[in-house]
Every structure is written in structure tokens, then in C-alpha cells.
Amino acid sequence: MVTELLSPLNIIIIALGAGFLLPLIHARSPRFAGQVMFASLLYFVIISAYHFYTLIGGAPAVEIITAGIQPPFAINLRFGLAEAFVLLAVNTAALFGARYMFDELREHASAMILFIVWIMGINGMVMTRDLFNLFIFVEITAVSSFVLVAMRANSIALSAGFKYVIAGTMASGFLLLGTMLLYYQTGTLNIDDLIIHQEMITGPFGTAALMLVLGAILVELKPFPANGWGLDVYQAAPAGIAALLSVGVSAAYLFALYKILPLLTSFLPVIAATGLLTFVASNFIGLRQSDPRRLLGYSSVGQLGLMVTALALLTKFSLTEYIPLVVGGLFISHFLAKAGLFWLAGIIKGSELGDWSQLRSKPVLIIAFLFLITALAGLPPFPTFWAKWQLVMSLMEYQQHGWVFFILLGSLLEVVYLFRWFGKAVSSQSDKALDISSSGNRQWLPVVLFVGLLLACGQVMASSFDLPVMALLPVYAGLLLMLIDGLGERLKQIASLLVIIAYSVYLIPSLDGLNWIFGLMLLPGSILILIASTYQQGTARPGFYPLFVMLVLSLGTLLAAETMLGFFLAWELMTVSSYLLVSLGKKATRPSLVYLVFSIAGAFLILFAFALIYAQTGSMQLSAIGQAGIVSNWPFILLLSGFFIKMGGLGVHVWLPDAYAECDDDFTAMMSSVVSKAGVFGLFVVGTQMTAQLNDMDTILTVVGWVGLIMALAGAIMAAMSEDIKHLLAYSSIGQLGYIVTTFAIANHTGWVAAMYLAVNHLLYKGLIFLAIAGVLYRVKTRYMYQMGGLIKNMPISFISVLIGIITISGVPPLLGFGGKWLLYNALLERGWYLQAGLAFFASAVAFLYLFKLIHTIFLGQRKSEHEHVKEAPLALLIPQITFMVLIMAFSMFPNILIQPLSDAVAPFMASTFTWEGYLLITENGYWNGFLVMNIVGVLFMAPAILLWLVSKKMKVQKVKQFNIVFAAERPFTPATTHYAYNFYAFYDKAIGFLTRPDATRFWNGVSEWGHTVGASLRRFYTGNGQTYAGLILFYIGVMYLAVRTL
Amino acid sequence: MNWALSIFYYIVTVLVVLVYGLLLYAFIAKTMARVQGRIGIPIYQPFLDIIQTYGRRTAVTHGYMFDLGPVFRLTGGLGTLAFIPVIYGSEIFGNFHFAGDLLLVMYFIFFGQLGMALGAGESGHPYAPMGIARGLAQMTAFEVPFALAVIAVFMQYETASITEIVAAQQGSIYNWTLFTNPFAVLAAMFAFLGMSMYPPFDLVTAPNEIPIGPPTEYHSAYLSLLQTNRAIFAGAKLVLFMNLFFGGATNLPIMVLKTWAIYMIPVLIGVAFPRFKVENSIRFFLGVPTLVGIIAVLYMQYWGTV
Amino acid sequence: MFEFNLPLANIVLVTGFLLILSGLWAMFIHKNIIRMIIGFSLMDTGIHMIMVALGYITGGTAPIFDDAVDGMQMVDPVPSALVLTAIVIGLGVTAVMLSYAVKIHQAKNSLSIDDCAEQKW
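Sequence order sets the numbering: in each chain, residues are counted from 1 along the sequence as written. The order in which chains are written sets their letters, starting at A; the order in which ligands are written sets their numbers, starting at 1. The predicted nature of this model means local features are confined to residues of pLDDT at least 70 and side-chain atom pairs, given and counted, to a pLDDT of 80 or more, with totals for whole chains, interfaces and linings taken over all residues.

What follows covers the overall build of chain A. Scanning chain A from terminus to terminus reveals 42 helices and 6 strands. Only C-alpha atoms enter the radius of gyration, while the globule expectation follows 2.2 Å times N to the 0.38, with N the number of residues. Taking 2.2 N^0.38 as the reference for a compact globule, 1047 residues should give roughly 31 Å; the C-alpha atoms of chain A span a radius of gyration of 33 Å, in line with that estimate. On the principal axes, the C-alpha backbone points of chain A span a range of 115 × 60 × 55 Å. Put simply, of all contacts in chain A between residues at least 6 apart along the chain, 80% involve residues at least 24 apart. The numbering of helices and of strands both runs from the N terminus, where a helix is a DSSP run of H or I of at least 4 residues and a strand a run of E of at least 2. Here the contact rule is simple: place C-beta atoms from the backbone, and any two residues whose C-beta atoms are within 7 Å are in contact.

Shown next, in the form of C-alpha cells:
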């Protein structure tokens, strides 16, 4: 009984029945008619859900036989797992879609009928196993779409609708023709029968027949360039209709393609190529798009292209067991996200990307928007991420580099425009207000629900991979904290601290070797920086704590990762969360986007390398990196480049200064001191796995070594020329990371210890200085150093922080920094990189320029009169600073407590060349007793200090006011103007300023320009003319046919 | 090692170097005066100056960093000296060279300069940062040939220990780095011109532009510390050059003779040249001297060790 | 493959293809929406004719099973059945297109496809 009630055939019966009844009911009670419609749609959902449930439990596919005759002599329908999955999704979307646009539907009984019949058509297309029957359902769906698109009968919708009609009728004409030709050759219309007898489809005639059927279905999937009509429809149709067109109708065609694909073995490369072309081209064009609805159109079209490609390629390489994971994952992401976005689009007034800022008035929606965008962009934890991972891995196994390259290129472009859109939504101000009161929750609640489904699907897909339980912990911790994001700042801070501390206590003991050291660096470093987070009293920081926790936990999972997937997942999570944190800055929209794009590009390089490694070794473990290295250097180079981008390496550093400068001041400390270490960790992951091969990589390592030092020099010079305090420190970070890159490339014991030592060093002093600077910026409200001066009187502790910081950076003994320099030169000399050592000297000398400029122009010299009453930095900032200082002092006093563990951690990979005699460290070339130096300097410092004190005891020392100087033989009238600060090293600029030309920035601007130009040229196809579009369809099918014949 | 004894020896060294440094200063001043046709100061004038400034009864301070500036400066001088063995093989003049090698000395040189720069910065006088900016900029440039020279020396002796470098030069005058590694010495001497702040590289204190430069606001006891340091620091630097390039010294008279000779080089060049502009000075050091330094390194790499 | 010994079916077949081509041609060269719709109708009719022609067997009998009839000589009944469905669907589509024409004329006071190009790029 239950089985009969829930027979999938009932979907069609009920829809047709409702179609007849609705006008009758509507005439009496429009309200009841609506209820009937909802009941029918709900019934569809129940049927598909029930079967999905039983099928997933292992039940056989439901075969529906009509007219009591077995196929192929009668039409048969099938309701298998795949069908159930797609239809459950479609029918659910239809139910919510109907609710979403109920205001419009309830006006006319015909609208309701059309809607139900429309959904029935989709169901039929998915279920049927008969080619002619497919044609009928295609036509049913198409005719209902034609009408629904133009439901509002406005001019634009009518234009778009008519173009759609032309394209749709052409496509279905071809489908019919093709079907008949196939029937002529084979005598059957049953798809399964056709597949069995496909050898009967022969010759150019058979190819043409197949081409017509395929062409018809592909055209409906909107391939580039034959898709102008589709874009117009997405843009012009009512949002609810566009949503279902994009996800429901397209799903049906995709499924139709999936069904007939076994007939098309020789077509597969061409199908894949057309899909990929569409994916890449639409994403290029998306770069230029400013209307969100049309942008969604491009995104839809692109996603469909990718699904077609994945489907075709997986079939081609007989990887059909991955189709559910890859195509299913891509599909469900696209499905849920696109539906949600189109629904949101319907709520928002205006047709500019910036109008989406209206969502900010309802936080849950802006968060939902973010999640939808993230899901589309293929970032974790959403289904696309897993799908793309599997797709790339599978394709690479068959050496399909070209396909993978273009898939990743398209994905990168997608990230650009999607997150630019998000950036505009969070940064711009719309003059229109969001109005969702009239429709209650039925327009936005489904969006939130779909976000939840996306997360759930992501989790389900994650479980099909071999991942540790904790792999997605960062996401859940972040979500959990997001729930309490409305509470007080202090409370959230404490909660976040507790989470991170608990996580550290759990994680760090489970790590060993270098990972353990990185754990000890990154997690406590984050805790210290988080302590500072409440320094801006009375300022709410929505989103900060959840994202911060997510970032820290993803860093932790990165350290704990054992598989390439685990590593990549954590890497991406870290990228996303840090991007979002950067974007919280007031003017961070563009910088954060640039940061994201570079990070994702870097991540794709890593992904590509992992795929290569997997293809060579068949292993997903990180340890496979070493085995793969035997075969080729490419994985090594790619991985290095990926990590290099994250560290802001020279040439790819252009994201860094602005991202550092524009994010929240205390978060800059996190970015510089902690997050950049992820790149260093990446280097070491590769390095430690490939120790055996490093000896044979002399050329690569030499190049990397030089690049690192040039980076150090360029960073230092650019820092010296900066007027913006945060730019200065950002460039300084680039420079300091340059040394780490070089010491890593030295690849001997001293070198690696130096790299680790420098990393610890950098963490400590950059955390210290950035926090001190955060305090200064909080008090003086300007980032330009020449607008400051003389603040030592107001902010003595901050001054001391910066002082300790710059002494440490400069490498002057006796503080910690000298150890780094000493190890650096020892390593360079040991390796025989003599000229490089000279360059390192130069770079570290230039560092003095910016360090002095930094401390002088802010704290010394003449104070501005408006800063007379500036107070010391808030306590929240001082506590971590003091902790950092204590750590620096402790490590300076006892360098061995730092170097010894580093040396031990490196020793398993690089045999130790150190000899210890108490505190005395002896290398092959030199020796250094840090403890003794510290003591000697300490004692020596006391001597003149006591001397001065003694002398000054007997004389009268008068403390004078700030302006008590004699300048050009008189007391200056406005002494503040005598603060020498602007263009501090003008002569340096004259001498070697040509080294600071922003060539890299210009280059990447050129690349961006080029991308936009490509987009602009590609979209020349879309003239808006219906006949052109029709012509393109013919052209497209013609070219496809020729391509198939030639190949 | 007897700590009390080594501290005592160190104090002796400091005093000797101090006296020597002051005398040298007076001698050079007198030499220059004679070249310019003046009589010049009496040889004991620096001693009078230093006593006079220590004896001042009033002082003006601009803040605690201002106070600490000269302290840092003198510590820098004392420390640099402390890590260099002044006389080879001498227990008295050996100092604390066992605490660290050449790299330590090269970086410790910056210690005093940095502290002094900060102290002068707090004075609020614009000449101070101007002078410092010039000095730092020039320093970055002459540091390049100097570093290359030191690297070449390192390559030659395969150690960064100053004592061992001196040891390797003993025996004959032809064992001096000057003859075994001439390019390195040439590059280093170029750098030495920059370090010595005589024309044409006297940018930091440039009279008639930024008179006195960084220490403009320093006076009385502060100035006395600076004067003390000038003598000690100059001595330490000369000794370093002597050790690295000119065979070191096994006794005091040799030390005096050699360092005096080394010091005369910038002095003699200085009396004959006008001042460079800052940017020209930077370009100069990054030009020929750097090239010589690179040649020195390449020379050592490909021919030196045969 | 075609064997051109079936004149009637061939005539219908060739006419059908010609109709498709002329229908497409009409859809491409005429700016007027009504004319484009006529083009579509021509194309649709062409397809229907091809359908019928493909199932026809010269000298064939009606597709009614009978002991006396050789199954191979029957005209294939399936295309004839399908073409009926296709004609009905074609009618529906034509109706939709015509109502579009009416609405477009109401909205824009023009029937030119060139006036339907508001959206581009």
C-alpha cells in the first residue's frame, strides 16, 4: 500500500490531476488552491525522500512499466538512487521556491498549474528511459518555462523569454529530429536498448543523429558561446523562476546527458572540452559583470560547464565510481548555493553588486550569503571542495594536466568575482533598504535552510574521505562561536581563549619534532595576540572571534595533518578564515580580495603538486612527497611556489603590504607573526620529506637561495621608503621571511636551524612590534609616521617594546636577533654561498634604515601639539607585549634553550654539526656564547651608566621642555615642524631608488587588466540579439559535429 | 679562567686603548693642522677636553632615552673592544674574544651607533636625525665591500675566529692578508674610508650643513662619555682591521705603529678631498669598492684555495 | 543508409529537410517576430514530415498484425504515432510564441526582434 501510494509515477499523475483541478478550486477559493499546490509539491518531496531513503538502504531501483508491457516496447521510467537524489533536491527546491514566490503564483490559477507541470516535466525528464518520452517532457518543461519566465510581462522579461523560446524550440526540434534518426537506424527509442545496440548507430548519419540529440541537450545546458539567451533569462526572469531554472531545469538536462552518455563514447573529449570552455569563458566574463543577477547567470553557466566536463572526463577514463562524489558534489553545491543566491537576489533591490550591502541589516543573511559564495567558490567545508579535490586527483592519475590546469584556472577566476561581490556587499553603502517584512520569513528562511543543507552535505562528503575526526573542527568551532557572537566582547574573548587553550593542550603533546615546535610557536603566539583583542574599548567586533578561532584551529589541524588532503583542507580553511579576518578592516575590501586570490592561486599550485605526487605514488600520505621527488622536481617546485606566495615572496608579494596595512591593527600582528609561519611550515613539510633528494636539487635550491636574499633586500629597501607605518612593517616582514626562505634553501643542519630560529624570532618581534604599533595607531589615529613624533613621553612602554623589537630585528647583540644572523651567516658560509652572504649583509644593513626611521619618526624627535595628551596604549595591548619582551629576553639570555630543541628537531633530517660546550655553541666555522655575551654586555652597560649617574649626582641636571633646542641660532617658533620625518631617506631614493619601482605591482595589474580584457572580448558574443543567439546555437552544433568527425 | 683577573686585564686594555686613542686623535688633528698650515692643538688637548667636560656642573636633559644614548654608545665601544683580541698571544690584551667570533664583532659595532642614534633622536634637534639618516645610509653602502672583504678573509682562513685569523698571518710579512688576499684588503680599505668619517665621506657631522650632526644637543657629562667612546671605539676598529688584514700585533709598539699607519690612510685622503653628496657616496661604495669585494670573493673561490 | 528506390518516402524526406532549412532561414533573416514564428512552424512541419517519411515503407501494409501479413512489410506505426504527439506539442509551442508576440507588441509597440536586445554582455 505504502509502496503504491509512494510510487514515483504518482508525481506525474498528481501533477496532471492538480493541473486539471486547480483552476476549478482557484475559482472558488484561491487560498485552498494554494494549499493544494503546496500539498502536491510536498507529496513530490515525500515520494522522492522516501525512495531516496530506501534506495540508500540498498533497495533496488524502482522500475515503472507503463501499459503493462515490458520495455523496449513501452515507455518505462526508472527511479534509482541517482534519480532519487536529483529529484529530492529538485522537489525540495520547488516546494520552497513555490513558497518563495507565492505572492505571484496565487494570482492566477494558470501560474500554479504551470508551476506544478513545470516541476512534473523536470521529474519526468529525470525518470524516463525513453528518448521520445524525454522529448515530450523536455517540451512540457520548456513550454512552462517559457511562460513562467515572462510571468511579470515586463519588457525585459519578454525579450529574454522570446530569445529563450527561439533557443528552446530549436533545441527541441533538433532533439526530435535526432531521436527519429536514431530510431530509423536502430528501431528503438528505449535508451537502455539503444545503449545495448549502439553498434547499429554508424556512419556520418548515425553521428549526425547522435550529434543532434547531444547538441539539443548541451544547448539547454548553455554552453559558451551559444548561451546568450540563457544569461538574459537568468537576469530577467523573476528570482524564484530563475532559481529553479538554474538548478532544477538544468539538473534535468544534466541528468538527461548522464543518461545518454553511454551512447556517446567517441564524443566524450569534445563534450568535456565544450564544458571546460564554458567554465573558463564564463568565469572570465564574470570578471566584468556588475549586475548580480547576470553574474549569477554566468556563474550558473560556468558551473554547468564544469559538471559537464567532469561527467564526460570521468566517463572517458572509466572512473564512473567517482561520478556521485564529483558530479554529485558539484551539483549539490551549485544546486543549493545557486538557489539560495537567486532567492536572495529577489529580495534585494537594485542591480548593482554593491546593492547587496542591504543584507547587512540582517546579519544572518549576510552570513548566509558568505556561505553560499564560499560554497560556489569551491572552498571547504562545502561539497564542491571535495568534488574538485577528487576530480583533480582522478584526472591527474591519468596525466590529464591540461584539463586540471584549466579547471583550476576557471576556479580561480570564479573566486575573484564571487569574493569581489562579497567584498562589495560588506563594504559599500546602498541607498536602498532591505525590506523583508512583507513576505515574512518565507523568502529568506529557505536560504538559511539551504546553507544548513550545504554544510550537512559537505560533512557527508567529507566522511567519504580518509580524514581524522578533527579535520573539520575549525569550522564547527567557528560556527559554535558564531552563535554567541551577539554577546559582550570580553565574554567572547574569554570563550575563544578557552577554546584555543583547550585545543592547544590537546594538540601540542600529540605533535613531535618540527611540528611540535611549530605548535609551540603558533598556538601560544595566537593566544598572546588574542589577549590584545579587546583593546578598543566599546568597539564591537562582529565575526572576529569565530573567525579567529577558526584560523587558529585550522593552523593546528595543518600541523597535525598526515595526508595531503588533510593538509590541503587545513590550508584552505586557514586561507578562508584569514581572508575574512583581513576583510574585517575598514578599507580592506580590495586588499583582502587580492590576498584571497593570491592565496587561492598558491593553494592551487599546492593542489596541483599534490595531484602530481598522488599520480606518481598512488599514496595520499604526506610522506609520498619524498617518493615522488625521486621521479621529478616539479612537485617540489610547485609546492615551494605555493608556500612562497603565502609568505609574500618576491614578485608575488603584492598582496601583502595592503592586506597587512588595511586589516585590523592587532590582527596584522597575527598575520605577520603567526599566519606567515604557515608558509614556513609548508616549506619544512616539503623539505623534511625530500631530504634525500635535496642534494640533487642544487640548481633549484641555489635559485631559491638567491630569491630569498633578493627578497630580503627588496623588502628592506621598500620598507625604508614607506611613510605608512604598517606598510613599513609589512615590507619588513617580506624581507625577514626572505632570510627564512634562503636559510631553508641552504638545506644543511645550520641552515634549517637558522630558518627555524629566524621563524621563532620573527614571531616574537613582529608580534611585539605590531601590537605596540596597534596601540600607537589606536591613540594617534593616523598611519603616516611623519604625522607622529615625540611619543616616547606619552607611550614609554610602547617605546620600549618597539626598541626591543627593532634591536631584535636588526640582529645587534646581545638580543635574540643576533643568534639568527649568526646562524644565517654560518649556514651561508658552510654551504659555500659566499656572494650570497655579502648580499645578506647588505640587506641586513639596509634594515637599519627602516628600523631607525620606525622608532625615530614615531617616538623621538618633536611631538605634534595635537598629541600632547595622548595616553599610553591600553593594558590589553601591553600585557602581550610584555610577555613577548620577557620571552625575547629569556631566549637572549639563554639561547641554548631555543637552539637546542631546534637542533634536535632538525637532526633527524640533517645530521647535526653543532658542538656545545656549556653555553658555547661551536659550528664548523665559528663559535658564539650567547649567555656570556649577554652578561658581558650587561656588565659593560652598567659601567658607563654608573659613571654617568655618578657624574650627574654632583651636578645640576635640568629637565627641559620639548622645544628647548637651538636651531639655526634661534628657538624655533613652531618646533613641531622641525620634526625630521617625511621622506627620511630622500638621498637613498636618489641613489638606488630604482630598485623600489613597483614592477611586480605593475605586472600583476597587467595580468588583472588582461583577464578583464579577455572577459570583455569573450562577451562580445552576447549582443542581445535573439537571431545572433540562434545563429550561435547552429554554429555551436556545427562546430561540435566537425570536431567529433575530425577526432 | 679566573674571572677577576680577566676583568682586571680588560680594564687595563681599555685604559691603554683609551689613552692611545686620545693621543692618536690629537696627533691626527695636529697633522691635519700642519697640512693646512696651522699650528694645531697641543698633544694633550683631548685629555684636557675630556676632563673639562666631565667636570661640568650643569646639564640639560631631554628625556631618559637622551640620557641613555651616550651610555649605549660607550657600551658599544667597550663591547666591541671586549670581543677583539688586541694583541695576539697576549693574556692581558686578549679580552673576551672567546665569547664570540668575527660575526659578533661586526654586529656589535652597530650596538653603540643604534643607541646613540636613539638618544640623539630624543633631543628633538633636526640635525640629529638628519645626520643619523645620512650615516645609516652611507653605512649600508660601505658595509657591502666590507662584508665581502670579511667573507673573502673567512674563505681564506676557513674560520670566523679572529684569533685564528691572526694566527694564520704570523711568521712573515708575506703571510699578511694584505699580500695573500689583496682584493679583500682593498675592498675593506674602501669601506674603512667610509667608516672613518673623514672627507670625502664626512656626511654625518658635515660641518657647514648640519654642524656636529647627531650629538648636537649633547654636552657636559654626556659629551664626555661620547669623547671617551670615540677614543676607545676608534682604537677597537683599528685593531680589528689590523687583525684581519695586516697580520695583527704581537706587542704594543707594533700595535701602535700598525694602527697609526692604517689610520693615516683616511686622514691623508681626507685632507685632499671635498665632501661627497650622500647619494653619490652611496653610489660610490656600491660601485668600484663592491666590485673589488666581489672580485675578492670570486678570487678566493676559484684561485685562492689552490 | 538511404536507398533511393523509395520515391514517395524520399520526396517527403527531401521536402522535409528543405522545409527545415527554409524555416531556419526564415528565422534568421526576418526581423519580424511573426515571420520568425512562421519560420519555426515551417521547421517544425519539416521535422514532422521527416518523421513520417522515415517510418514509411513503399508498398507496405497497414501495421495490423495478421497471419497473412509479413511483418517486415508493415509500415512502422511508431513514427506515425509519435508525429501526432509532436504535432500537438508543436501547436502548443506555436501558441506560446504567438502569445509572446502579442505581449511583446503590447509592451514595446514593435514586433522587431532587434527591439528585444535590452540585455547584453
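Let us now look at the overall build of chain C. A tally of helices and strands in chain C yields 3 helices and 0 strands. Element order for chain C, N to C, with α for helix and β for strand: α-α-α. The exposure label follows from counting other C-beta atoms within 10 Å of a residue's C-beta, where the C-beta atoms are placed from the backbone and the thresholds are 20 or more for buried and 12 or fewer for exposed, leaving partly exposed in between. Within chain C, buried positions represent 32% of all 121 residues. The contacts in chain C between residues at least 6 apart in sequence include a share of 57% that link residues at least 24 apart.

In terms of nonpolar packing, the biggest core is built from 586 residues, with Phe369, Ala611 and Ile855 of chain A together with Ala149, Ala152, Ala187 and Ala188 of chain B touching the most fellow members. Among the elements that make up this core, the one with the highest residue count is helix H5 (residues 127–157) of chain B (22 residues). Shared between two domains, this core takes at least three residues from each, and those domains are domain 1 (1–129) and domain 2 (469–941) of chain A. Here Ala188 of chain B is in contact with Pro145, Phe146, Ala149, Phe241 and Phe245 of chain B, once residues within four sequence places are set aside. The nonpolar core is taken to be a set of buried Ala, Val, Leu, Ile, Met, Phe, Trp, Tyr and Cys residues joined by way of C-beta atoms within 7 Å. These domain boundaries are the output of an automatic or database domain assignment.

What follows concerns unusual backbone geometry. Residue and element names in this part refer to chain A. Omega for the peptide link from Phe224 to Pro225 comes to 0°, which places this bond in the cis form. Following the sequence through the fold, Pro225 ends up in the loop between helix H10 (203–220) and helix H11 (228–236). For the bond running from Pro380 to Pro381, omega is 5°, close enough to zero to count as cis. Among the secondary structure elements, Pro381 is positioned in the loop between helix H16 (363–376) and helix H17 (383–397). At Lys781, a position not held by glycine, the phi torsion is positive, near 60°. Looking at where Lys781 falls in the secondary structure, it is placed in the loop between helix H33 (749–780) and helix H34 (796–810). By C-beta crowding, Lys781 is classed as exposed, having 11 other C-beta atoms within 10 Å.

Turning our attention to the domain arrangement of chain A. Assigned domains within chain A: domain 1 (1–129) and domain 2 (469–941). Relative placement of domain 1 of chain A and domain 2 of chain A: their C-alpha centres are 57 Å apart.

Residues and elements named next belong to chain A. Sheet architecture is open: 3 strands sit in the order S3-S4-S5, paired in antiparallel fashion. Two strands in the sheet have a free side with no partner beyond their single neighbour: strand S3 (915–917) and strand S5 (927–929). Across the sheet, the axes of successive neighbouring strands diverge by a mean angle of 20°, strand direction being ignored. In this analysis, strands are considered paired if DSSP registers two or more bridges between them. Bridge analysis of strand S4 (residues 920–922) against S5 gives 3 bridges, and the strand direction is antiparallel. For helices, the fitted axis covers only the stretch in contact; all axes are lines through C-alpha atoms, and the angles between them, taken along N-to-C directions, range from 0 to 180 degrees.

Residues and elements named next belong to chain B. Here Asp202 shows up in the loop between helix H8 (182–196) and helix H9 (220–245). Residue Asp202 is classed as buried on the basis of its 21 C-beta neighbours within 10 Å. Put simply, Asp202 and Gly40 are 162 residues apart on the chain and 20 Å apart in space, counted from C-alpha to C-alpha. Those residues in contact with Asp202 that lie beyond four places of it in its chain are Met197 and Arg275.

Turning our attention to the interface of chain C and chain A. In this complex, chain C contributes 33 residues to the contact, which on the side of chain A involves 38 residues. For the side of chain C that touches chain A, the elements supplying multiple residues, two or more each, are helix H1 (7–29), helix H2 (33–55) and helix H3 (77–108) of chain C. Considering each element in turn, the side of chain C that touches chain A owes the most residues, 14 residues, to H3 of chain C. Here the side of chain C that touches chain A is built from residues that sort into 24 nonpolar, 3 polar and 6 charged. Ten residue types, Ala, Val, Leu, Ile, Met, Phe, Trp, Tyr, Cys and Pro, are classed as nonpolar, four, Asp, Glu, Lys and Arg, as charged, and the remainder, Gly among them, as polar.

Bringing the arrangement of the chains into the picture now. The protein chains that touch form 2 pairs of chains, and the pair with the most contacts between them is chains A and B. Separated in space, chain B and chain C share no contact, their closest pair of C-alpha atoms being 54 Å apart.

A few words on H8 of chain B. Residue and element names in this part refer to chain B. Taking 1.5 Å per residue as the helical rise, H8 with its 15 residues ought to reach 21 Å, and the 21 Å between its terminal C-alpha atoms agrees with that figure. Burial of H8 is extensive: 13 of the 15 residues sit out of reach of the surface. Met197 sits one or two positions beyond H8 and adopts a positive phi of about 60°. For a helix, the expected span equals 1.5 Å multiplied by the residue count minus one.

Moving on, we get to helix H35 (residues 816–831) of chain A. The first and last C-alpha atoms of H35 of chain A sit 23 Å apart over 16 residues, in line with the 22 Å expected at 1.5 Å per residue. Two residues or fewer after H35 of chain A comes Gly832 of chain A, characterised by a positive phi angle close to 85°.

So, on to the packing of helix H22 (residues 513–531) of chain A against H33 of chain A. Residues and elements named next belong to chain A. The interhelical angle for the contact between H22 and H33, taken along N-to-C directions, is 5°, at an axis separation of 11 Å. Taken as axis vectors, H22 and H33 run roughly parallel relative to one another. Only Met756, Val760, Leu763 and Gly767 of H33 make contact with H22, whose side of the interface consists of Ile517, Met521, Gly525, Leu528 and Ile529. Working rule for angles: under 35 degrees goes down as roughly parallel, over 145 as roughly antiparallel, 65 to 115 as roughly perpendicular, anything else as oblique.

Here we come to the confidence of the model for chain C. In the predicted model, chain C carries a mean pLDDT of 83, and 80% of its residues have values of at least 70. The complex prediction reports pTM at 0.93, with the ipTM value standing at 0.95. Across the chain, each position has a pLDDT score giving the predictor's confidence in that residue, from 0 to 100.

Let us look at the environment of Trp822 of chain A. When you line up the elements, Trp822 of chain A lands in helix H35. Judged by the 28 C-beta atoms lying within 10 Å of it, Trp822 of chain A is buried. On a C-alpha basis, the gap between Trp822 of chain A and Tyr927 of chain A in space is 9.2 Å, while along the polypeptide they are 105 residues apart. If near-sequence neighbours (up to four positions away) are discounted, Trp822 of chain A is found in contact with Trp928 of chain A together with Leu103 of chain B.

This next bit is on the interface of chain B and chain A. Contacts between chain B and chain A engage 67 residues on the former and 64 residues on the latter. For the side of chain B that touches chain A, the elements supplying multiple residues, two or more each, are strand S1 (58–61), helix H3 (64–82), helix H4 (102–122), H5, H9, helix H11 (278–286) and helix H12 (288–304) of chain B. The element best represented in the side of chain B that touches chain A is H5 of chain B, accounting for 15 residues. When grouped by side-chain class, the residues that make up the side of chain B that touches chain A number 42 nonpolar, 16 polar and 9 charged. Across 4 bridges, the pairing between strand S6 (residues 956–959) of chain A and S1 of chain B is parallel. By the bridge assignment for S1 of chain B, Lys959 of chain A is matched with Thr61 of chain B.

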